[in-house]
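Residues per chain, in single letters:
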Amino acid sequence: MSEVGTRNPACAIDRIGLKTSGVVRYNFGAAALYEESIRRNEARLTAHGALVAETGQHTGRSPKDKFVVRDAATEPHVWWDNNKAISPAQFETLLADFRAHAADKDLYVQDLVGGADAELKLPTRVITEFAWHSLFIRNLLIRPGKTELEQFVPEMTIIDLPSFRADPARHGSRTETVIAVDLTRKIVLIGGTSYAGEMKKSVFTMLNYLLPEKGVMPMHCSANEGAGGDAAIFFGLSGTGKTTLSADPSRTLIGDDEHGWGPHGIFNFEGGCYAKTIKLSAEAEPEIFATTQRFGTVLENVILDADGAPDFNDGRLTENTRCAYPLDFIPNASKTGRASHPKNIIMLTADAFGVMPPIARLTPAQAMYHFLSGYTAKVAGTEKGVTEPEATFSTCFGAPFMPRHPSEYGNLLRELIALHGADCWLVNTGWTGGAYGTGKRMPIKATRALLAAALDGSLKATEFRTDANFGFEVPVAVPGVDSAILDPRSTWADKAGYDRQAARLVGMFAVNFEKFESHVDAVVLGAAPRMQEAAE
Ligand SMILES: Nc1ncnc2c1ncn2[C@@H]1O[C@H](COP(=O)(O)OP(=O)(O)OP(=O)(O)O)[C@@H](O)[C@H]1O
Ligand SMILES: O=C([O-])CC(=O)C(=O)O
Ligand SMILES: [Mn+2]
């Protein structure tokens, strides 16, 4: 095998049975991976020095094509209602076919780490067919130093071969796309998709399985820290604002997407960020915008204009355009990836029905209810002319990444909130002044002002009213924020329309929560939104 680059002399890729007649490139840095990506026609340079790649058919994750190996070790611990199973034999066949497929390919290898806590870290080797995927994952995970690299022994291995085609009859897959997760041997095989986000979420899935047994809560959340050392975490489904709102010039960024909460506080699983770039502007999100105008950042499915500059308003390939950059591309990012126990817990939702207030205070029981519900709303692509939003409930704000039953994560979170006395808030970054189609997206400025007041403690001291539908406490007036938006009903021209929409949403919450009723106590059940007797 022809090899280039730095690695532990005792750890070549044949440790996972891979051999190739091509060249294996270990732990290449950004410049070398740029050269490789461009030489191989995988990617292009932008006018400002970022690298831009297109993913073809798959412009987002493929949760329906993800499978977990059901063996004696995983059988009792995995939540099989939410995770599709494949047999150890099917996985073995798939792994053998991955080896055969790789046998004449050039391969890129990155030895990286998931988890900024030295006692809990997961050394992860990522072997990719594409050079740009190698740079993506190098940007996203934690990069070991040179000495560490020379002694690196992977615990987890990801093999990512987008040109592989799975065979449902042979591999137990659904389509030609497959994400196969062996939690016991800590191997993930990704085939038939070029969407880079699959790699980072594979590490997340593994940590979500491993950490609860060590008493650590894994979370789909961003995190930042105030000057006084007060940490905040922001849960939320895709597109609700974890990345946008955690990048705050007045606070230290810990991470934008995946964290653990253990006995020593919180820690990032990653060493980089993966931000949405659709309609990204220098005005609303200066720190994130700046990462797109420099060397080292990977842009995914972003369209370039005639001058080679990214056009973030162009959603021609997908609305899910992205940029991936190391944490230190954000000026005030943490160097350690760790912070104290969070003082504030924010649950983000993008309520496209325009019913929820922009901020509400949650009791611990309400926080548990909303954590298990995991509500947000999706809006259809505008080009299709669909104006009706669709409610999404994804438990723990991340069902596709949760191998275990939600009650395991829920109970861990509940204990931690009680132990550390964290304050909990629900923040709606979705629609105001009506539902999607009538109203508009909450101004980022307003969301930031409300969060600032919650995080500096001043919001707690203001006057609150109780929301008629959801039962949580909503501030009446906040300095620097138009009071009207605090009461969503007042922003709707059609009040009866608001009441109908609110009643519908409460009904959706109730139906969704039925599956958790036998897993929670009366206190959490009592935190459910109230069905109204009648509108008016
Ligand atoms: N009031 C608001 N608060 C936060 N984001 C907003 C707001 N209004 C519009 N946005 C836009 O919503 C998007 C939020 O995306 P962001 O990348 O922060 O999501 P995320 O929660 O990190 O998702 P993912 O887990 O998929 O990475 C951004 O494109 C941002 O510009
Ligand atoms: O993984 C992705 O595709 C993006 C992301 O963070 C999420 O969906 O939560
Ligand atoms: Mn995410």
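Located above this text is the structure these notes cover.
Being a predicted model, the structure only gives us computed values, none of them experimental.

Reading the values: rules and limits
- Residues numbered from 1 in each chain as written.
- Chains lettered and ligands numbered in written order.
- Predicted model: local features only at pLDDT ≥ 70, side-chain atom pairs only at ≥ 80, totals over all residues.
- Heavy atoms only, no water.
- Donors = N, O, S within 2.8 Å, 3.2 Å for Na, K, Ca; no water.
- Tetrahedral: all angles 85-135°; square planar, octahedral: opposite > 155°, others 65-115°.
- Helix = DSSP H or I, 4+ residues; strand = E, 2+ residues; numbered from the N terminus.
- Buried < 20%, exposed > 50% of the residue type's maximum accessible area, 1.4 Å probe, protein only.
- Phe/Tyr/Trp six-rings, centres within 6.5 Å; stacked < 30°, edge-to-face > 60°.
- Lys NZ or Arg CZ within 6 Å of the ring centre and 35° of its normal.
- Arc of directions from axis to C-beta.
- Contact = heavy atoms within 4.5 Å.
- Near = heavy atom within 4 Å.
- Polar contact = N/O pair within 3.5 Å; in protein donor to acceptor, adjacent residues only side chain to side chain.
- Areas by Shrake-Rupley, 256 points an atom, 1.4 Å probe, with all protein chains shown as cover.
- Nonpolar A, V, L, I, M, F, W, Y, C, P; charged D, E, K, R; others polar.

*Asks:* Any chance you could explain the coordination of the manganese ion (ligand 3) here in plain terms?
*Replies:* In a perfect tetrahedron of four donors around a metal, the angles come out at 109.5 degrees. In a perfect octahedron of six, they are 90 or 180 degrees. Donor atoms from the polypeptide that coordinate the manganese ion (ligand 3) comprise Lys-201 (NZ), His-220 (NE2) and Asp-257 (OD), at 2.1 to 2.6 Å from the metal. Each of the six donor atoms around the manganese ion (ligand 3) contributes to a set of angles spanning 67 to 173 degrees, which defines the coordination as irregular. Read from N- to C-terminus, the donor residues coordinating the manganese ion (ligand 3) fall into the pattern K-x18-H-x36-D. Taken together, the residues span a long stretch of sequence, with Lys-201 in helix 6 (residues 197-210) and His-220 in the loop between strand 12 (217-219) and strand 13 (221-225) at a distance of 19 residues. Comparing Lys-201 with His-220 shows no difference in burial state: the two are buried.

*Asks:* Help me understand the packing of aromatic side chains in this model?
*Replies:* The description of an aromatic ring pair uses the distance of the two centres, along with the angle that the planes make with each other. Throughout the structure, instances matching the rule amount to 21 aromatic pairs. An aromatic cluster is built from Tyr-369, Tyr-375, Phe-393, Phe-470, Phe-472, Phe-509, Phe-513 and Phe-516, whose rings are joined through pairwise contacts. A cation sits over an aromatic face here: Arg-404 above Tyr-209, 4.8 Å from the ring centre.

*Asks:* Any chance you could explain helix 1 (residues 30-39) here in plain terms?
*Replies:* Because each turn of an α-helix spans 3.6 residues, side chains separated by three or four positions end up pointing in the same direction. All of the buried residues along helix 1 are Leu-33, Tyr-34, Glu-36 and Ser-37. Buried residues of helix 1, viewed axially, fall in a sector of 165 degrees; they line one side. With respect to the buried face of helix 1, the exposed residues turned more than 90 degrees away are Glu-35 and Arg-39. The inward-facing, buried residues of helix 1 abut strand 2 (23-26), strand 3 (43-45), strand 4 (51-53), strand 7 (107-114) and helix 3 (131-140). One or two steps after helix 1, the chain reaches Asn-41, where phi turns positive at roughly 60 degrees.

*Asks:* How should I be thinking about the site of ligand 2 in this particular structure?
*Replies:* Every residue lining ligand 2 is accounted for by Arg-61, Tyr-195, Lys-200, Lys-201, His-220, Ser-238, Asp-257, Arg-322 and Phe-401. At 3.4 Å from an oxygen atom of ligand 2 is found a side-chain nitrogen or oxygen belonging to Asp-257. Burial of ligand 2 by the protein amounts to 96% of the accessible area it has alone, namely 260 Å². Classifying every residue of the shell around ligand 2 by side-chain character gives two nonpolar, two polar and five charged.

*Asks:* What is the right way to look at the site of ligand 1 in this model?
*Replies:* Of all residues adjacent to ligand 1, which total 22 residues, the nearest are Ser-238, Lys-242, Thr-243, Glu-285 and Arg-322. Gly-241 is positioned such that a nitrogen or oxygen atom in its backbone is 3.2 Å from an oxygen atom of ligand 1. The separation between a nitrogen atom of ligand 1 and a polar main-chain atom of Met-442 is 3.0 Å. When ligand 1 sits alone it has 650 Å² of accessible area, and the protein chains cover 92% of it. The set of elements that each furnish at least two residues to the shell around ligand 1 consists of helix 7 (242-246), strand 18 (272-276) and helix 11 (444-455). In terms of residues, the shell around ligand 1 owes the most to one element, helix 7, which gives four residues.

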